[in-house]
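# Inside the fold
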Amino acid sequence: MESLAYLARQPILDRDGKIFAYELLFRDSPASDTAIISSGVLATAQVLENVLTNIGIPQIVGDHKAFVNCSRDMLLDNLFALLNPRYFVLEILEDVLVDDAVVKSVERYYHRGFQLAIDDFVYNEDFLKRFEPLFPYISYVKMDVVDNSGESMAQAAQFFRSKNIKLLAEKVEDEATFKKCLSEGYDYFQGFFFAKPELVMGQKIDATSADILSIMLLLQKHPSLDDLCEKINGNSDLAANLLKYANSEAGSQKYTDVKDAIVWTGMKNIHEWLMLMLYARPEMGMTAQSSPLFQNASHRAKFLKVLAHTLDRSDNEFIAKAFMVGLISRMDALVRAPLESILPSSPVDDEMSDALLNRTGRLGTLLRLVDAVELDDRESIQYTIEELGLSFEQLNSCINTAYRIANNR
């Protein structure tokens, strides 16, 4: 069987912290030094066809945009002509030689309805002179906060705003950097700053969130209806919310008993309802689709569950714990408190705690792998799959399966 391409997905957020797009990163193996899309037009076409056929772009990005790197050869060979411009933003690499042929190709894509971006722009005279012929066709310029000084970031915001080009700050890894770029007028942000907020020392998880986690762990162990009913009834707020949810969806049918509401909702949908209760924060005005924290936590949990099942499909306890470790690994960002203060109120044992706090043990190794995949850290991916005894093909399959599961809630 032909192996699938390795695909990493990094969120791009708007000024409100909601998901605007994803950058899709293609690799032929986790050890590759460069993206597979730079290794030749034919190889790129095969990768795109394979990924889009086996997963599907809506499953990967939903209704959002998909930014994909685009080399000079890809531009000149018209590689993306058959793709849907509704989804794809062509991200022109920073080392592309801009000549008449490239300008004409970019202009053709522009008139076909594609949006285009320039990747890793360094705000200096050389970059400005080299890319100036493309500015009339460019919708976004990506500025790396590491490669550009604070002064350059501010100057770029003013310059490109005058040309009606949106600015995207890359490698935004903390809340302070996000706020600085936000104040300078940047439109979009890429990096995992949304999962690393300023933490409030001493803050703890609330009782309802702790109960939700406990119920979700129980669900992973396939409980009886009576056991699940007893658990939900143990929290009056959750029980009331479940009845409200069921009655809002059931039309003329009205439920007054939690057990009946569970039966109507179904075990799978109860699970997703609990996820929404936990991570989609209505007080922030966010739906699940637009909340990066919800999307990231949900995908982490499902990816870890698929990985655990691949390693040992007979160990239901291990599989259940893997799911919960993925879910809880983003609880610090949700409640803005260190995991150390959250875990005592959460349904975790020593094995899960060691994984979450120290990345140790088999669960901790799985968590290190999901960290590496999200960050596209190829060296760590290679090392960790070897440590787990996973093949690259198995990793590919797990990534793709997690995308499908996350989409088909």
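Our structure's up above, just so we're on the same page.
In short, a report on the structure.

Calculation notes
Residues numbered from 1 in each chain as written. Predicted model: local features only at pLDDT ≥ 70, side-chain atom pairs only at ≥ 80, totals over all residues. Heavy atoms only, no water. Helix = DSSP H or I, 4+ residues; strand = E, 2+ residues; numbered from the N terminus. Buried < 20%, exposed > 50% of the residue type's maximum accessible area, 1.4 Å probe, protein only. Contact = heavy atoms within 4.5 Å. Core = buried A, V, L, I, M, F, W, Y, C linked by side-chain atoms within 4.5 Å. Salt bridge = Lys/Arg side-chain N within 4 Å of Asp/Glu carboxyl O. Expected span 1.5 Å × (residues − 1). Arc of directions from axis to C-beta. Polar contact = N/O pair within 3.5 Å; in protein donor to acceptor, adjacent residues only side chain to side chain. Pairing = 2+ DSSP bridges. Right-handed = clockwise from strand over helix to strand, strands pointing away. Phe/Tyr/Trp six-rings, centres within 6.5 Å; stacked < 30°, edge-to-face > 60°. Axes fitted to C-alpha atoms, helices over the stretch in contact; angles between N-to-C directions. Parallel < 35°, antiparallel > 145°, perpendicular 65-115°, else oblique. Left-handed = near helix turned anticlockwise from the far one by under 90°. Nonpolar A, V, L, I, M, F, W, Y, C, P; charged D, E, K, R; others polar.

### Brief notes about the overall build of the protein chain
Looking only at helices and strands, the protein chain has 20 helices and eight strands in total. Expressed as a percentage of its 409 residues, the buried residues of the protein chain come to 55%. For the protein chain, the proportion of contacts with a sequence separation of at least 24, taken over those separated by at least 6, is 65%.

### Considering unusual backbone geometry
Of note, Arg 359 is a non-glycine position whose phi angle comes to about 60°, a positive value. Here Arg 359 shows up in the loop between α17 (350-358) and α18 (361-375). At Asp 376, a position not held by glycine, the phi torsion is positive, near 55°.

### Side note on the nonpolar core
The biggest cluster of nonpolar side chains holds 127 residues, and the ones touching the most others in it are Phe 121, Phe 160, Tyr 186, Leu 327 and Met 331. Looking at which element gives the most residues to this core, the answer is helix α13 (residues 292-311), with nine residues. Once residues lying within four places of it in the same chain are set aside, the contact partners of Phe 160 are Phe 121, Tyr 123, Leu 128, Phe 135, Val 141, Ile 165 and Leu 167. One finds Ala 21, Phe 67, Tyr 140 and Tyr 188 within the second-largest nonpolar core, a separate group that totals nine residues.

### Some thoughts on the pattern of salt bridges
If you walk through the whole model with that rule in mind, you get 22 salt bridges. Put simply, Glu 170 and Lys 142 hold a salt bridge, and the shortest N to O gap is 3.5 Å. Placement of the pair is Glu 170 in strand β7 (residues 166-170) and Lys 142 in strand β6 (residues 140-144), with a sequence separation of 28 residues. Taking the relative accessible area as the measure of exposure, Glu 170 reaches 8% and is therefore buried. Between Asp 376 and Arg 378 there is a salt bridge, and its shortest N-O distance comes to 3.5 Å.

### Looking at α18
Given a rise of 1.5 Å per residue, 15 residues ought to cover 21 Å, and the 21 Å separating the end C-alpha atoms of α18 matches this to within 8%. Taking burial as the measure, the 15 residues of α18 include eleven buried ones, the bulk of the element. Asp 376 sits one or two residues past α18 and shows a positive phi near 55°.

### Structural notes on helix α10 (residues 236-249)
In a regular helix each residue adds 1.5 Å, so 14 residues correspond to 20 Å; α10 covers 20 Å between its end C-alpha atoms and thus fits that length. For α10, the complete set of buried residues consists of Leu 238, Ala 239, Leu 242, Leu 243, Ala 246 and Asn 247. Looking down the long axis of α10, one finds its buried residues gathered within 165° of arc, a one-sided arrangement. The exposed set on the far side of α10, more than 90 degrees from its buried face, consists of Lys 244 and Ser 248. The inward-facing, buried residues of α10 abut α8 (207-220), α9 (225-233), α11 (258-265) and α12 (267-279). Its side-chain oxygen 3.0 Å from the backbone nitrogen of Asp 237, Asn 235 forms the N-cap of α10.

### With respect to the pairing of strand β5 (residues 115-121)
A large share of β5 lies buried, amounting to five of its seven residues. Inspection of the sheet shows strand β4 (residues 88-92) paired to β5 by four bridges, in the parallel sense. In the strand pairing of β5, Glu 91 is matched with Ala 117. Between β4 and its parallel partner β5, the chain crosses via helix α4 (residues 100-111), and the hand of that crossover is right-handed. As paired elements, β5 and β6 share three bridges and run parallel to each other. Bridge assignment links Ala 117 to a residue of β6, and that residue is Tyr 140. Viewed along the sheet, the connection from β5 through helix α5 (residues 125-131) into β6 turns out right-handed.

### Some thoughts on the side chain of Ser 346
With respect to the secondary-structure elements, Ser 346 resides in the loop between α16 (339-342) and α17. There is a polar contact of 3.1 Å between the side chain of Ser 346 and the backbone oxygen of Ile 342. If sequence neighbours within four positions are ignored, Ser 346 has contacts with Ile 205 and Leu 213.

### A closer look at the packing of aromatic side chains
Under the defined criterion, the tally for this structure stands at 22 aromatic pairs. Judged by centre distance (6.5 Å) and plane angle (70°), the ring pair of Tyr 123 and Phe 160 falls under edge-to-face. Of the two residues, Tyr 123 is situated in the loop between β5 and α5 and Phe 160 in helix α6 (residues 150-161); the sequence distance between them amounts to 37 residues. Each member of the pair, Tyr 123 together with Phe 160, is buried. Their ring planes at 70° and their centres at 5.9 Å tell us that Tyr 140 and Tyr 188 sit as a pair that is edge-to-face.

### Some remarks on the packing of α9 against α11
Two elements in contact, α9 and α11, have axes separated by 9 Å at closest approach and are oriented at 120°. Put simply, α9 runs oblique to α11. The chirality of how α9 crosses α11 is right-handed. Across from Leu 225, Asp 226, Leu 228, Cys 229, Ile 232 and Asn 233 in α9, the residues of α11 making contact are Val 258, Lys 259, Ile 262 and Val 263. A per-class count over the contact of α9 with α11 returns seven nonpolar, one polar and two charged.

### Notes on the side chain of Asp 144
With respect to the secondary-structure elements, Asp 144 resides in strand β6. On the accessibility criterion, Asp 144 (1% relative accessible area) is buried. At 3.2 Å, the side chain of Asp 144 and the side chain of Lys 171 are in polar contact. Contacts of Asp 144, omitting those with residues within four sequence positions, involve Asp 120, Phe 121, Met 153, Glu 170 and Lys 171.

Limitation: the analysis is restricted to geometry and does not speak to function.
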